[in-house]
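Chain residues, written in single-letter form:
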Amino acid sequence: MSKIFDSNVEFVREEDYVEYFLFPQLTEKCSNTDDESLGEVRKELENTRESYMELVGKLVNERKYIWHKDEFELLVRTCSKEELLLNNETIKMTGITKECKKAKKQQAAVILPPHLHGVTHYGDNIADEWFVVFLLTQITKTFANCVARIIDADGEFLLIEAADVLPKWANPDTCEQRVYLSQGCLHLVQNSPSNTNKTMSIESAVTKIRSNSTLYRVSKEIQCCIDKRIKEFQSVDNLALHHQIVRLPLGVAILLKQRPSLIAAAVRAFCERDVIDMKACRSMRYFPPEQRVRTNICFTRCLYAMIMHTDYTPDRKIGWHLNAKPDTEEYKEDLLGIKLACGFEILASQAKDINADANSPVWKAYVKTLLSKGYFRDNIEGSAEYHRLLEQAKIYFAQNQTRFRTAAVVGTEILQLLKQTDINADELRDEENNLKLSDPDDWLNISAEELDAMLSERYGSKKLYKPNGDLNAEEFTKNISEFLEKQSAFEGIERDSDDVTSNDEETKVNKKEKFRGKVKKNLSMRKACRQNPLETSLPVSEQEESFSTQVRNFLDFAIPEDTWDSQSEMSDYEDEDDIEQNFSSMAGAEHQIDADIKAYMDEMDRELAKTTIGQTFVNTQKKRIIKTKSNSSAPVADEDDFDDIEAFEPININVNTLKNMMDSYKSQLGGAGPVTHLLNAMGAGMSAAVTEEPKDLSESTV
């Protein structure tokens, strides 16, 4: 985080940041932000900041919280013209044009009242982001006149957490700059329905919340989602910590005893090391390996997992000797100590002077941008006013350089502590006999079943099976059909697809229902699976729509009840040509089968006849038993004489669909595959019992 964008003090923000704004209610004399009252505004904000940081320090110390990257920090922002120039937050507008008017409206929505501002990078530990939410909740609860706003790289992430219970009008476009924390609760400021897409200014939203503290509070369901995420921080006992005995060089042991929070920077420096950093580890100038002691170290679980899963082979030439056997507790203590020592050595080697040096390229570039923006107001270089503005810029530059826990900042802090600290080896040797046992680290390994249970608890996966293991085939195919009916966009599947069905689609559905009632025997399958031979020449979107239509037709396939006149045994049964003719006459002129389609389907039948695909269908028809001349019973294969037409039972489409899906799921062994992805997209889940040998699916509930 040492890079500076466009030679400005605003650091390059990676994707792992959370930004927060606190708006305290100022007194009447500080309500104006003109140049005369800026001193009073800054003084009152400084006093408010001290009160807030005192509460934050108390909460952090009680929970012994270790920040992964940046700490919670607040800076005073008066939002004066000079400060906006220093932070490059102005919008240049010259002339009266449409673009200029639009820019003015945007600036009016962005300009903030005097406030306290902070940015925290949480790195690989997402818990830091929610701990910041907890701190802001406690601040707004303790100081009732404070309204806070918090965002991250995704925007209003608090609403993302409660996405399943949001009102219908809430979306990323209508909720921008409308989410706030006040009196320990979440508030969502809703504008009039006619202009919900209009961006509301932050100052206007804060004023509305203060005028009515209960009007804009979110529902209990939304608030419950936020409270559930910060519940782990309510207790003083921090369950996310891991205590471990480590064998460290004396200097590292002393530093961690005085400043336990340095463990995070050391672990990150070691895990993110490069070739240049390893050169420092070959010399170990600041932390030699000769004198080492065993001591208790406190990690966060995230830091412990990071350093444990980072491979490193110590160099014996440096002085690192691992005498214990691998997979022993002593070996783990020594190896962890070596990794931490290397991390501290890397930080110490990266220490730099971060003050505004006149010869620093970054400082020169920063002053150049201030000159281009007119910060010095055409004052002559060397004048009293020019000198005052320059000193103010130096202070602002230094504050923004040290606000983030970069390697250079932490390395400088380590070197200063080493100079000020007397290393007492005897004291550490005495404590070595009274160490607390290390915590078990079996939490590092999670089984597949535990992961599934965690995901189910978190996201509430929908199950398509009953507790006793029976699968409902009809419900299974119904869910697949409903899923295929939904429309998809770049945001995903739209749940309410029935509202957007066109009249043409409804007409097609009605025609299909009318046609389905006249279909008999296997010819209905031909009609249901009817497909254009030239479909490959269609656009991709039309091909996808055609494919989903075929699947829905297959799932909807049903054979109506037999309405044939059965007075004569064989008079109603004709050859295949007559059946085709009767089929065409019943369908009517509106549903005549196209000759090309018929030829295509006949060719498909001939190709499928050579395969064993028919064996994959479960048929509920029982084999007929007939009497032979010897009066013995014997099973006879199905014939085409239609002697037992009344006993005809069609293929159970629901059962076959379920069976094929289960067979595919079994072949995937529960891993990633077509069926798994389809079920996940539907929000459905399968039990582990599905992978076992199922019973006869023809007996399933249909």
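Only a predicted model underlies this, so the values are computations on that prediction, with no experimental measurement involved.

Caption draft 1: How the structure looks around the packing of helix α9 (residues 262–271) against helix α12 (residues 329–349). Contact pair α9 / α12: the axes reach a minimum separation of 8 Å and the direction vectors enclose 90°. As far as their axial angle goes, α12 and α9 are roughly perpendicular. Within the contact between the two elements, α9 uses Leu262, Ile263, Ala265, Ala266, Val267, Ala269 and Phe270 and α12 uses Lys339, Leu340, Cys342, Gly343, Phe344, Ile346 and Leu347. Here the residues of the contact of α9 with α12 are counted per class, giving twelve nonpolar, one polar and one charged.

Caption draft 2: Local environment of the side chain of glutamate 129. Mapping glutamate 129 onto the fold places it in helix α4 (residues 127–142). No salt bridge is formed by the buried glutamate 129; the nearest opposite charge belongs to arginine 229, separated by 6.9 Å. Non-local contacts of glutamate 129, meaning those with residues more than four positions away in its chain, are made with Val18, Tyr122, Asp152 and Phe157.

Caption draft 3: Seen up close, α12. Here α12 contains 21 residues, and its C-alpha end-to-end distance of 31 Å stays within 8% of the 30 Å for a straight helix at 1.5 Å per residue. Burial analysis of α12 places 17 of its 21 residues in the buried class, which makes it a mostly covered element.

Caption draft 4: Quick peek at the packing of aromatic side chains. Summed over the entire model, instances satisfying the criterion amount to 19 aromatic pairs. Both rings, one in phenylalanine 287 and one in phenylalanine 344, keep their centres 5.9 Å apart while their planes meet at 70°; by these two values the pair is edge-to-face. With phenylalanine 287 in the loop between α10 (275–283) and β8 (292–300) and phenylalanine 344 in helix α12, this pair connects stretches of sequence that are 57 residues apart. In this structure, phenylalanine 287 and phenylalanine 344 share a single accessibility class: buried. Relative to phenylalanine 397, the ring of tyrosine 366 has its centre 5.4 Å away and its plane inclined at 35°; by these criteria the two rings are tilted. In this pair, tyrosine 366 is assigned in helix α13 (residues 361–372) and phenylalanine 397 in helix α14 (residues 384–402), connecting sequence segments 31 residues apart.

Caption draft 5: Expanded view of the confidence of the model for the protein chain. Summing up the model confidence of the protein chain, the mean pLDDT is 74 and the portion of residues at 70 or higher is 63%. Every residue in residues 558–574 is under pLDDT 50, and counting partners more than four places away or in other chains gives 20 contacts.

Caption draft 6: Broad picture of the sheet that holds strand β3 (residues 115–121). An order of β2-β3-β1-β4-β5-β6 is seen for the six strands of this open sheet, with the pairing classed as antiparallel. The outermost strands of the open sheet, each flanked by one partner alone, are β2 (75–77) and β6 (185–188). Direction aside, neighbouring strands of the sheet carry axes that sit 30° apart on average. Relative to strand β5 (residues 179–182), strand β4 (residues 147–152) runs antiparallel, the two being bridged by two bridges. Counted as the bridge partner of valine 147 is serine 182 from β5. Strands in contact with helix α6 (residues 202–211) are β1 (17–23), β4, β5 and β6; relative to β5, the strand with the most contacts, it is inclined by about 40°.

So, how was this worked out
By convention here, each chain's residues receive numbers from 1 onward along its written sequence. Since the coordinates come from a predicted model, pLDDT governs what is reported: local features require at least 70, and pairs of side-chain atoms require 80 or more to be given and counted, while whole-chain, interface and lining totals use all residues. Side-chain measures were taken over the full set of non-hydrogen atoms in the model, leaving aside hydrogen atoms and water. To obtain each axis, a line is fitted to C-alpha atoms, and for helices this fit is confined to the stretch in contact; angles are then taken between N-to-C directions over 0 to 180 degrees. Runs of H or I in DSSP of at least four residues are treated as helices and runs of E of at least two as strands, each being numbered from the N terminus. Roughly parallel means an angle under 35 degrees; roughly antiparallel, over 145; roughly perpendicular, 65 to 115; everything else is oblique. Two residues form a contact once any of their heavy atoms are found within 4.5 Å. Three residue categories are used. Nonpolar comprises Ala, Val, Leu, Ile, Met, Phe, Trp, Tyr, Cys and Pro, charged comprises Asp, Glu, Lys and Arg, and polar comprises the others, including Gly. Categorising residues by exposure relies on relative accessible area from a 1.4 Å probe, with only protein chains included: less than 20% of the type maximum marks a residue as buried, more than 50% marks it as exposed, and the intermediate range marks it as partly exposed. Positive charges are assigned to Lys and Arg, negative charges to Asp and Glu, while His and the chain termini are left out of the count. Whenever Lys or Arg places a side-chain nitrogen within 4 Å of a carboxyl oxygen from Asp or Glu, that contact is recorded as a salt bridge. Expected helix span is computed as 1.5 Å times (number of residues minus one). Aromatic rings from Phe, Tyr and Trp, with only the six-membered ring used for Trp, were paired whenever their centres fell within 6.5 Å, and each pair was classed as stacked if the ring planes differed by under 30 degrees, edge-to-face if by over 60, and tilted otherwise. For every residue, the pLDDT score states the predictor's confidence, bounded by 0 at the bottom and 100 at the top. In this scheme, strands are said to pair when DSSP sees at least two bridges between them.

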